[in-house]
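Structure at a glance
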Amino acid sequence: IDLKALLMFSGTLCEAAKTLKEFGANRIYAFATHGLFNGQAFDHIKNSVIEKIIVTNTIPPRPNEETVPQIKRLSIGKRREIYYNIIVYFLKLVL
């Protein structure tokens, strides 16, 4: 599990996930408040061992973001519920 405030290019995140997998991690998830996904981020993510990247809808999705099955956007319509939504989503993935 990797928690970040901002995801931009995702290269470092994907390399860290690869290392975790090499050291025996079964499943890799990442969480970020803002998913900017610049440059080659989508290619990095598509080719990574990351099972799911969860970001909020604080900024609009990037063009072609829907082509990356690992990315899941959660609404923060009600701010106090965002953490609840993230926790519930995560628990459904791992349980």
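Quick notes on the rules
- Residues numbered from 1 in each chain as written.
- Predicted model: local features only at pLDDT ≥ 70, side-chain atom pairs only at ≥ 80, totals over all residues.
- Heavy atoms only, no water.
- Helix = DSSP H or I, 4+ residues; strand = E, 2+ residues; numbered from the N terminus.
- Contact = heavy atoms within 4.5 Å.
- Areas by Shrake-Rupley, 256 points an atom, 1.4 Å probe, with all protein chains shown as cover.
- Salt bridge = Lys/Arg side-chain N within 4 Å of Asp/Glu carboxyl O.
- Buried < 20%, exposed > 50% of the residue type's maximum accessible area, 1.4 Å probe, protein only.
- pLDDT = per-residue confidence, 0-100.
- Pairing = 2+ DSSP bridges.
- Core = buried A, V, L, I, M, F, W, Y, C linked by side-chain atoms within 4.5 Å.

1. What to know about the overall build of the protein
- Across its full length, the protein holds three helices and four strands.
- Order of helices (α) and strands (β) in the protein, N terminus to C terminus: β-α-β-α-β-β-α.
- Across the protein, the fraction of contacts at a sequence separation of at least 24, relative to all contacts at a separation of at least 6, is 52%.
- Accessible surface for the protein amounts to roughly 6,200 Å². Of this, 57% is attributable to carbon and sulfur atoms.

2. Considerations on the pattern of salt bridges
- Counted under the stated rule, the structure contains two salt bridges.
- Residue Arg27 pairs with Glu51 through a salt bridge whose shortest N-O separation is 2.9 Å. Taken together, the positions of Arg27 in the loop between helix H1 (11–22) and strand S2 (29–35) and Glu51 in the loop between helix H2 (41–46) and strand S3 (52–56) put the pair 24 residues apart, joining distant regions of the chain.
- For Glu51, a relative accessible area of 35% corresponds to the partly exposed category.

3. What about the confidence of the model for the protein?
- On average, the protein scores 85 in pLDDT, and the residues at 70 or more come to 85%.
- Ranking the elements of the protein by mean pLDDT puts strand S1 (residues 2–7) last, at 59, and H2 first, at 95.

4. Focus: the environment of Pro63
- Mapped onto the secondary structure, Pro63 falls in the loop between S3 and strand S4 (71–74).
- For Pro63, a relative accessible area of 63% translates into the label exposed.
- With 26 residues separating them along the chain, Pro63 and Phe37 place their C-alpha atoms 9.9 Å apart.

5. What to know about the pairing of S2
- For S2, the tally of buried residues reaches five of seven residues, placing the bulk of the element in the interior.
- Note: S2 against S3, four bridges, orientation parallel. Note that in S3 the partner of Tyr29 across the bridge is Lys52.

6. So, the nonpolar core
- By size, the foremost hydrophobic cluster in this structure holds 16 residues, and its most contacted members are Leu7, Phe37, Ile45, Ile50, Ile53, Val55 and Ile71.
- Looking at this core, the elements with two or more residues in it are H1, S2, H2 and S3.
- In contact with Phe37, not counting residues within four places along its chain, are Leu7, Met8, Ser10, Phe42, Ile45, Ile53, Val55, Arg62, Glu65, Ile71 and Arg73.
- Counting seven residues, the second-largest nonpolar core is a separate cluster that includes Ile54, Tyr89, Phe90 and Leu93.

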